[in-house]
Amino acid sequence: MSRKPIPQGLESCRKDSEHYEMMRRRFHNSYVPDRYPAEILIPSSAGDVATAMKRASKEGVKVGVRSGGHQWAASGLLQDGILLDMQNVNHEVIYDASTETVTFGPSCNGFEMSKAMLDVGRFFPHGHTGSVSLGGFLAAGGQGWFFRGWGLTCETWILQIEVVTANGDILICNKDENSDLFWAARGSGQGFFAVVTKYWGRTIPARQLYQSRLVFNASERYEEIMDFLFQANDETPKEGTDTALISFYYEKYAPSDTEDIKDRSQFAIALVTIAYTDSIESARELLGAYREARVPEGLKKYLAAAEGAQHTTWAELFKEQEGMVPFDNGERWQCGSILTDPDGTRAEVS
């Protein structure tokens, strides 16, 4: 499935309209549940959203919201409800140099935020995958770049929001004004009881990106490899660093007509680390726990690749991320999460 753009001038469509099914399926996941809203609205402003919410409230109709369509369960699709597609609401990223803040609408994505920030030499922690829209990213908690040290984007980087309530009121929410809504909006996901139409976020000066990588053949000595990587992670400073652990089968990166894994001995673990800092020397210090020389002697023969810290760019990171997690090619995504017991041992987690 290819995620088609909204036809120009389209404001709404019902089940019997020409564009209904295309608009219903405007998700990045080719698995779209068999749920059919009575109407899909494409508002262009907070005022349009307010009008829609007043009508829905009067008619007793439930409302779902879609910022970018990455949410894998498509929970914004409500049977016989109204779906608000927010693609045209405040779809611009604006930086205010006087306050060093950035404003943006919910459908602006990581690619757009990254470019806007690069143009002015600033940084705002968007999602790791560039095509993810910021509304859904923030509603789901905002586990953005370098959050292990700088915190969740929704919690520590958002200064203010504009929302439309169920009865159609347009409100500004921050720590002093409508603070209860401001608190509830940050990470409430599809359960939030208003529609966010605009965000204000703080920014910091841009830095340089550096990346290192270790890849292990892990069909043997899995526990020892994981123990080393977890220990190195513990030793890595949290501020300005990102670590990503990826397990995969080599053959899944090669073209194949089948989903079956033929050779399970080709199981690998890759550890990619990113430093956001001002020099290669600083990056090497931040990522030093993952140097090839730190790999235990008994594990070195399982080391398939090792790359020390080297300069990279947002464009290169996005390209790599999108390659590992492709979208819009007919994929049917499902997502699972685990919550670990804080008292559990590392062996139990790995």
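Our structure's up above, just so we're on the same page.
Basis of the calculations
- Residues numbered from 1 in each chain as written.
- Predicted model: local features only at pLDDT ≥ 70, side-chain atom pairs only at ≥ 80, totals over all residues.
- Heavy atoms only, no water.
- Helix = DSSP H or I, 4+ residues; strand = E, 2+ residues; numbered from the N terminus.
- Rg over C-alpha atoms; globule rule 2.2 N^0.38 Å.
- Buried < 20%, exposed > 50% of the residue type's maximum accessible area, 1.4 Å probe, protein only.
- Contact = heavy atoms within 4.5 Å.
- Areas by Shrake-Rupley, 256 points an atom, 1.4 Å probe, with all protein chains shown as cover.
- Polar contact = N/O pair within 3.5 Å; in protein donor to acceptor, adjacent residues only side chain to side chain.
- Pairing = 2+ DSSP bridges.
- Expected span 1.5 Å × (residues − 1).
- Arc of directions from axis to C-beta.
- Salt bridge = Lys/Arg side-chain N within 4 Å of Asp/Glu carboxyl O.
- Axes fitted to C-alpha atoms, helices over the stretch in contact; angles between N-to-C directions.

Enquirer: Any details on the overall build of the protein chain? Residues and values, ideally.
Expert: Summing up its helical and strand segments, the protein chain has 11 helices and 15 strands in all. Over its C-alpha atoms the protein chain spans a radius of gyration of 22 Å, differing by no more than 12% from the 20 Å that the globule rule assigns to 350 residues. For the protein chain, the spread of C-alpha atoms along the principal axes amounts to about 70 × 50 × 40 Å. Taken over 350 residues, the protein chain has a buried fraction of 45%. Looking at the protein chain alone, contacts between residues at least 24 apart form 67% of all its contacts between residues at least 6 apart. Just so you have it, the protein chain exposes about 18,000 Å², and 49% of that area is on carbon and sulfur atoms.

Enquirer: Residue-level account of the side chain of Ser107, with values.
Expert: By secondary structure assignment, the location of Ser107 is in the loop between strand 6 (101-104) and helix 3 (110-120). Reaching out from Ser107, the side chain makes a polar contact with the backbone oxygen of Met86 at a distance of 3.4 Å.

Enquirer: Account for the pairing of strand 8 (residues 158-165), naming residues and giving values.
Expert: Here strand 8 lies mainly inside the structure; 7 of its 8 residues are buried. By the bridge criterion, 4 bridges tie strand 8 to strand 9 (residues 170-173) in an arrangement that is antiparallel. Each bridged residue has a counterpart across the sheet, and for Val163 the counterpart in strand 9 is Leu171. Taking the residues that link successive antiparallel strands as the turn, the strand 8-strand 9 hairpin has 4 residues, and the phi of Gly168 there is positive, at about 90°.

Enquirer: Can you break down helix 2 (residues 46-59) residue by residue, with the values?
Expert: The end-to-end C-alpha distance of helix 2 is 20 Å, a good match for the 20 Å that 14 residues give at a rise of 1.5 Å each. Within helix 2, burial applies to Ala46, Val49, Ala50, Ala52, Met53 and Ala56. Buried positions in helix 2, seen along its axis, are confined to an arc of 165° and lie on one side of it. For helix 2, exposure combined with an orientation more than 90 degrees from the buried face picks out Thr51 and Lys58. Tucked inside the fold, the buried residues of helix 2 contact strand 2 (39-41), strand 3 (63-66), strand 4 (82-85), strand 8, strand 9 and strand 10 (194-202). Positive backbone phi, approximately 70°, marks Gly60, located one or two places after helix 2.

Enquirer: Describe the pattern of salt bridges, and please don't skip the residues or the numbers.
Expert: Here the structure, examined in full by the defined rule, presents 15 salt bridges. Note that Arg24 and Glu21 form a salt bridge whose closest N and O atoms lie 2.9 Å from each other. Of the two residues, Arg24 and Glu21 are both situated in helix 1 (residues 20-24); the distance of 3 residues between them amounts to about one turn of the helix. For Glu21, a relative accessible area of 33% translates into the label partly exposed.

Enquirer: If you had to explain the sheet that holds strand 8 to someone new, which residues and values would you point to?
Expert: The strand order across the open sheet formed by 5 strands is 5-6-10-8-9, and the pairing between neighbours is antiparallel. The open sheet has two free edges, formed respectively by strand 5 (94-96) and strand 9, since each of these has just one partner strand. Averaged over all pairs of adjacent strands, the angle between strand axes in this sheet comes to 20°, irrespective of strand direction. The pairing of strand 6 with strand 10 spans 4 bridges and is antiparallel.

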